[in-house]
Amino acid sequence: MTIRTDNRLLDGAPMQSLACRQCGAAVQVRKASWQQTSIQWDEDATNACLERRATGGGACGDVFLGCTALSETIAQAALDGVVTVPDDLYEHEESQ
Amino acid sequence: MHVERTDLLKGWVNVTVEVDNDEVRTIEAEAVPTRFARGWHCLGLSEKFKDGKPHTVRAFGQKLVVFQSGDGKLNVLDAYCRHMGGDLSQGTIKGNEIACPFHDWRWGGDGRCTEIPYSRRVPRRARTAAWPTLDQDGMLFLWNDPEGNPPPAEVTIPRIEGATSDGWTDWVWNETVVHTNCREVIDNVVDMAHFFYVHNSFPTFFKNVFEGHVATQYMNGTARADMTQHAKDGALKMLGNTSVASYYGPSFMIDDLTYHYEGMDVQAVLLNCHYPIDANSFVLHSGIIVERSEKFPGEAADEMARTMSKYILSGFNQDVEIWRNKTRIDNPLLCEEDGPVYQLRRWYEQFYVDVADVTPEMVERFEFELDTSRPIEAWKKEVEQNLARRAAEGQPA
Ligand code: FES
Ligand SMILES: [Fe+2]
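Residues numbered from 1 in each chain as written. Chains lettered and ligands numbered in written order. Predicted model: local features only at pLDDT ≥ 70, side-chain atom pairs only at ≥ 80, totals over all residues. Heavy atoms only, no water.

With an unreviewed UniProt entry as reference, chain A is termed Ferredoxin, source organism Sphaerimonospora thailandensis.

A. Spatial organisation of the overall build of chain B. Assigned secondary structure in chain B consists of seven helices and 20 strands. The burial tally for chain B puts 52% of its 397 residues in the buried class. In chain B, of all internal contacts separated by at least 6 residues, the share reaching a separation of at least 24 is 59%. When the accessible surface of chain B is totalled, it reaches about 19100 Å², and 51% of it is carbon and sulfur. Of note, chain B has its 41 positive side-chain charges centred 7 Å away from the centre of its 60 negative side-chain charges. (Helix = DSSP H or I, 4+ residues; strand = E, 2+ residues; numbered from the N terminus. Buried < 20%, exposed > 50% of the residue type's maximum accessible area, 1.4 Å probe, protein only. Contact = heavy atoms within 4.5 Å. Areas by Shrake-Rupley, 256 points an atom, 1.4 Å probe, with all protein chains shown as cover. Lys, Arg positive; Asp, Glu negative; His and termini not counted. Charge placed at Lys NZ, Arg CZ, Asp CG, Glu CD.)

B. A look at the coordination of the iron ion (ligand 2). With distances of 2.1 to 2.7 Å, the protein atoms coordinating the iron ion (ligand 2) are Asn188 of chain B (ND2), His194 of chain B (NE2), His199 of chain B (NE2), Asp319 of chain B (OD) and Asp319 of chain B (OD). Here His194 of chain B falls in the buried class, since its relative accessible area comes to 9%. (Donors = N, O, S within 2.8 Å, 3.2 Å for Na, K, Ca; no water.)

C. Structural context of the state of the cysteines. Residues and elements named next belong to chain A. Evaluation of the coordinates by the stated rule reveals zero disulfides over all chains. Cysteine Cys23 shares no disulfide, and the gap to the nearest cysteine sulfur, in Cys20, comes to 4.0 Å. Residue class for Cys23 comes out partly exposed when judged on its relative accessible area of 22%. (Disulfide = S-S within 2.5 Å.)

D. Summary view of the sheet that holds strand E20 (residues 366-369) of chain B. Across the sheet, eleven strands lie side by side as E1(A)-E2(A)-E3(A)-E20(B)-E14(B)-E15(B)-E16(B)-E17(B)-E18(B)-E19(B)-E13(B); this open sheet has antiparallel pairing. A single partner strand is all that each edge strand has here, and the edge strands are strand E1 (16-19) of chain A together with strand E13 (172-178) of chain B. Strand-to-strand twist of the sheet, defined as the mean angle between neighbouring strand axes without regard to direction, takes the value 20 degrees. Sheet analysis places strand E14 (residues 202-211) of chain B next to strand E15 (residues 214-222) of chain B, joined by nine bridges and oriented antiparallel. Its bridge partner being in E15 of chain B, Val209 of chain B is matched across the sheet by Thr216 of chain B. (Pairing = 2+ DSSP bridges. Axes fitted to C-alpha atoms, helices over the stretch in contact; angles between N-to-C directions.)

E. Structural view of the pattern of salt bridges. Residues and elements named next belong to chain B. Within the structure shown, the criterion is met by 26 salt bridges over all chains. The salt bridge partner of Glu211 is Arg365, with a shortest N-O separation of 2.8 Å. In this pair, Glu211 is assigned in strand E14 and Arg365 in the loop between helix H6 (360-363) and E20, connecting sequence segments 154 residues apart. Residue classification places Glu211 among the buried residues on the basis of a relative accessible area of 17%. Of the residues examined, Arg365 reaches a relative accessible area of 1% and is grouped as buried. Between Glu367 and Arg365 there is a salt bridge whose closest N-O contact spans 3.0 Å. (Salt bridge = Lys/Arg side-chain N within 4 Å of Asp/Glu carboxyl O.)

Next up, the structure:
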């Protein structure tokens, strides 16, 4: 089967490169909103991640939820405008 | 800049509507694959195959025979005898071999013909297809590989501690035949919104991680006030659940599930697995065990497992009803509040190509955390409306 590209990557923001502040792992990141995050790792990045190593991530029956240092890096990059968050798609409105 | 963005976090609603809608979107779908996935597939509880009789299993577009040899081992062979095509699954177990009902040729679990009682010798190439098996935690697994390689150790099915522990119930098991290609069941891994609309649950957190041969779904949910049956006096009030569900390979999912009740948690393990009968049908299995606890000791836990099993079965039926009527779609049109369908299918593709053709993108780690703020807002509203309507109709909330 042909592997197709996510229509959201074709029509919306692309993935962007970003390096983790803690271990330097270079990953591809995308944020569709402040709360949504996609992270594409490659083999080098996976091997570089210290938290993943510490939890024995990837071992059978032991799934690694995610790296907190990388999450923080992404959150800061979003605040700094390094990773773009398409806030223009959303309109302000006081919620309950 | 900084201030503006922080300000945004306070709350917003999506009011965007795409306007350049002048072109009709076409649904695309290639033919279903004729090849079957490489990986471990669960055939069900192993107990069922240990009754001293051979069993017929239709899987991977073939007819298979499952039999327990005298040494206790469960074996899987192509059901059709290489002599003159007799059906071994209608035969008899004799010692360590399955004997064909047609002329009594004896076939061992390794696929070799060991004896022809009426002949002086067995001819050359008297060997039939045999599948490696694994009898673990009360379940029978079979390794399917179109390339014919043995199962690598690193893709083995993880042990389930509760399955062999007295502190947990026995498996409560369900099987159903579903008439569609099995990719539909895989899609559920990433499909958060359908859990609200099809299964009447209420996801509040949703994240996927794909890495190697494992695809995981993290989901937290809250109880839906418009769906919970009126709690009987003294009955525990369900608050929500936490679920970590991983596919180990193409067909076997283990879900570590915690149900949160007022003042206590209940631990369960839910299995969701399938094997293809052919390209357009599969057998869907669910299994559940519940941990016995102070609040749910002995029989109470068994009762709970049975109740949950019924609930899961009705969940299957809800999916099946959708699958029966929907079309296969290779180019789903996703909104940002959908999960990573394309990346999941990219992961799934690794099981349908030769090992040499597995590309890094199929197995490299991918994470997707969904923004549930808008779904939660919309669903809260819907729940409130349902409750208000019911109140207006004079029904209990
Ligand atoms: S066909 Fe099986 S023994 Fe002859
Ligand atoms: Fe479903």
